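So you can see what is in the structure, the chains are spelled out below.
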Amino acid sequence: MRSLLDQITVPAQTVSVNRQRGQAILTPLQELASVSGRFLHSPIAHSSGRSLERFVFVGQPGGGDPINIGIFAGIHGDEPAGSHALVRFAEVLHANPELATGYKVFFYPICNPFGFEHGTRISQSGKDLNREFWKGSAEPEVQVLENEIHSQKFKGLISLHSDDTSDGLYGFVRGAVLTKSLLDPALAAAEQFLPRNLQNTIDGFAAHNGIISECYDGILTSPSRLENSPFEIILETPQHAPLQRQVEAMIAALKSILAEYQRFLAFAADI
Ligand SMILES: [Zn+2]
């Protein structure tokens, strides 16, 4: 039988291992923020005593107001590829700042800190946070993200997920009409690294070329009443694929989305 001391020390070790999971994401982002004049660390405190980690890459001005884009990862704590992809994407933008010209790219690398630290989908109170949005949720992570979505007036929201039931890449589109024409080339770019899921039904939804046009209720999106709907993309990588491949596929997709949306804006300005 374990002594009382063992019972106390085991959880303490577990806590420290769990913290390391988050630090593996946050430390490189914080280090980059400390050396980059364009990459800012600005966490947001919330009511639970925790904070929502936020980093912002401020691109060179592009001739108009900056275009705010939000990228959200780790809302399901057992899908770490998106969080790792955001570390890598910050490094990519730091090395190639022209990719972010005209943009302010908001990084939310760990939207569900408890789930991330414990390797579980759910929040501390046992909720799937990606079913809680715009329903008056009491979950502090949801409240702070809803507030961000309201106040930052994003032109695009991109959520990064991994699906352990899919053998290929796919995504959900919502919001602005052009969203599908952003996701298709993004999936094509990501196919350099992983195959696309071409099934007619994915995750219970009708799909066409890896694109699904409906989604679950309560997911992290803009509220439907928002005027001038932003583009909204939920990108899913096959979770059983090697982590590095998932990360590379996500980076290729993110680069494509920024480039295609810039092209769209330039075209719209010419009309
Ligand atoms: Zn997910």
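Draft legend 1. Inspection of the overall build of the protein chain at higher detail. Broken down by element type, the protein chain carries six helices and 12 strands. Taking 2.2 N^0.38 as the reference for a compact globule, 271 residues should give roughly 18 Å; the C-alpha atoms of the protein chain span a radius of gyration of 19 Å, in line with that estimate. Scored against the burial criterion, the 271 residues of the protein chain give a buried share of 42%. Restricting the contact set of the protein chain to residue pairs at least 6 apart, pairs at least 24 apart contribute 77%.

Draft legend 2. Representation of the pairing of strand β7 (residues 156–163) within the structure. Along β7, seven of the eight residues are buried, which leaves the element largely enclosed by surrounding structure. Pairing between strand β5 (residues 67–73) and β7: five bridges, direction parallel. If you follow Ile69 over to β7, its bridge partner there is Gly156. Inspection of the sheet shows β7 paired to strand β12 (residues 231–238) by eight bridges, in the parallel sense. Within β12, the residue paired with His161 across the bridge is Glu236.

Draft legend 3. Structural detail: the packing of helix α2 (residues 81–95) against helix α6 (residues 243–270). Two elements in contact, α2 and α6, have axes whose closest approach is 9 Å; the angle formed by their N-to-C orientations is 55°. Taken together, the axis directions place α2 and α6 in an arrangement best described as oblique. Our pair here, α2 against α6, has a crossing hand that is right-handed. Residues Ala81, Gly82, His84, Ala85, Arg88, Phe89 and Val92 of α2 form the contact with α6, whose own contacting residues are Leu243, Gln246, Val247, Met250, Ile251 and Leu254. Split by residue class, the contact of α2 with α6 holds nine nonpolar, three polar and one charged.

Draft legend 4. Region of interest: the nonpolar core. Ile71, Ala90 and Ala253 are the most contacted members of the largest nonpolar core, which totals 69 residues. With nine residues, α6 is the single largest residue contributor to this core. The contact partners of Ala253, leaving out residues within four places of it in the chain, are Ala186, Leu187, Ala189, Ala190 and Leu235.

Draft legend 5. Structural context of the sheet that holds β5. Overall, mixed pairing links the 10 strands, which are arranged β1-β4-β6-β5-β7-β12-β8-β11-β10-β9 in an open sheet. Each edge of the open sheet carries a strand with a single partner, namely β1 (39–41) and β9 (201–202). Across the face of the sheet, α6 comes into contact with β5, β6 (103–108), β7 and β12 while running at roughly 160° to β12.

Draft legend 6. How the structure looks around unusual backbone geometry. The phi dihedral of Trp134 falls on the positive side, at around 60°, and the residue is not glycine. Following the sequence through the fold, Trp134 ends up in the loop between α3 (113–118) and α4 (140–152). Take Trp134: there are 17 C-beta atoms within 10 Å of it, and that puts it in the partly exposed class. Despite not being glycine, Asn209 shows a phi value in the positive range, around 55°.

Draft legend 7. Local environment of α4. For α4, with 13 residues, the first-to-last C-alpha span of 18 Å sits near the 18 Å given by 1.5 Å per residue. Each element contacted by the buried residues of α4 is listed here: β2 (44–45) and β3 (51–52). Looking one or two residues beyond α4, the residue adopting positive phi is Lys153, at roughly 45°.

Draft legend 8. Examining the environment of Asp203 more closely. Secondary-structure assignment places Asp203 in the loop between β9 and β10 (205–208). Taking the C-beta count within 10 Å as the criterion, Asp203 has 16 such neighbours and is therefore assigned partly exposed. C-alpha separation for the pair Asp203 and Ser166, spaced 37 residues apart in sequence, amounts to 8.1 Å.

Draft legend 9. Expanded view of the pairing of strand β8 (residues 170–175). Across the six residues that make up β8, a large majority, six, are buried. For β8 and strand β11 (residues 211–212), the ladder comprises two bridges, and the chain directions are parallel. From the neighbouring strand, Phe172 faces β11, where its bridge partner is Ile212.

Draft legend 10. Representation of the confidence of the model for the protein chain in the model. Confidence along the protein chain averages 91 in pLDDT terms, with 92% of residues attaining 70 or more. In the model, residues 1–10 has pLDDT below 50 throughout and makes one contact with residues more than four positions away in sequence or in other chains.

Parameters and conventions
Residues numbered from 1 in each chain as written. Predicted model: local features only at pLDDT ≥ 70, side-chain atom pairs only at ≥ 80, totals over all residues. Helix = DSSP H or I, 4+ residues; strand = E, 2+ residues; numbered from the N terminus. Rg over C-alpha atoms; globule rule 2.2 N^0.38 Å. Buried ≥ 20, exposed ≤ 12 C-beta atoms within 10 Å, placed from the backbone. Contact = placed C-beta atoms within 7 Å. Pairing = 2+ DSSP bridges. Axes fitted to C-alpha atoms, helices over the stretch in contact; angles between N-to-C directions. Parallel < 35°, antiparallel > 145°, perpendicular 65-115°, else oblique. Left-handed = near helix turned anticlockwise from the far one by under 90°. Nonpolar A, V, L, I, M, F, W, Y, C, P; charged D, E, K, R; others polar. Core = buried A, V, L, I, M, F, W, Y, C linked by C-beta atoms within 7 Å. Expected span 1.5 Å × (residues − 1). pLDDT = per-residue confidence, 0-100.

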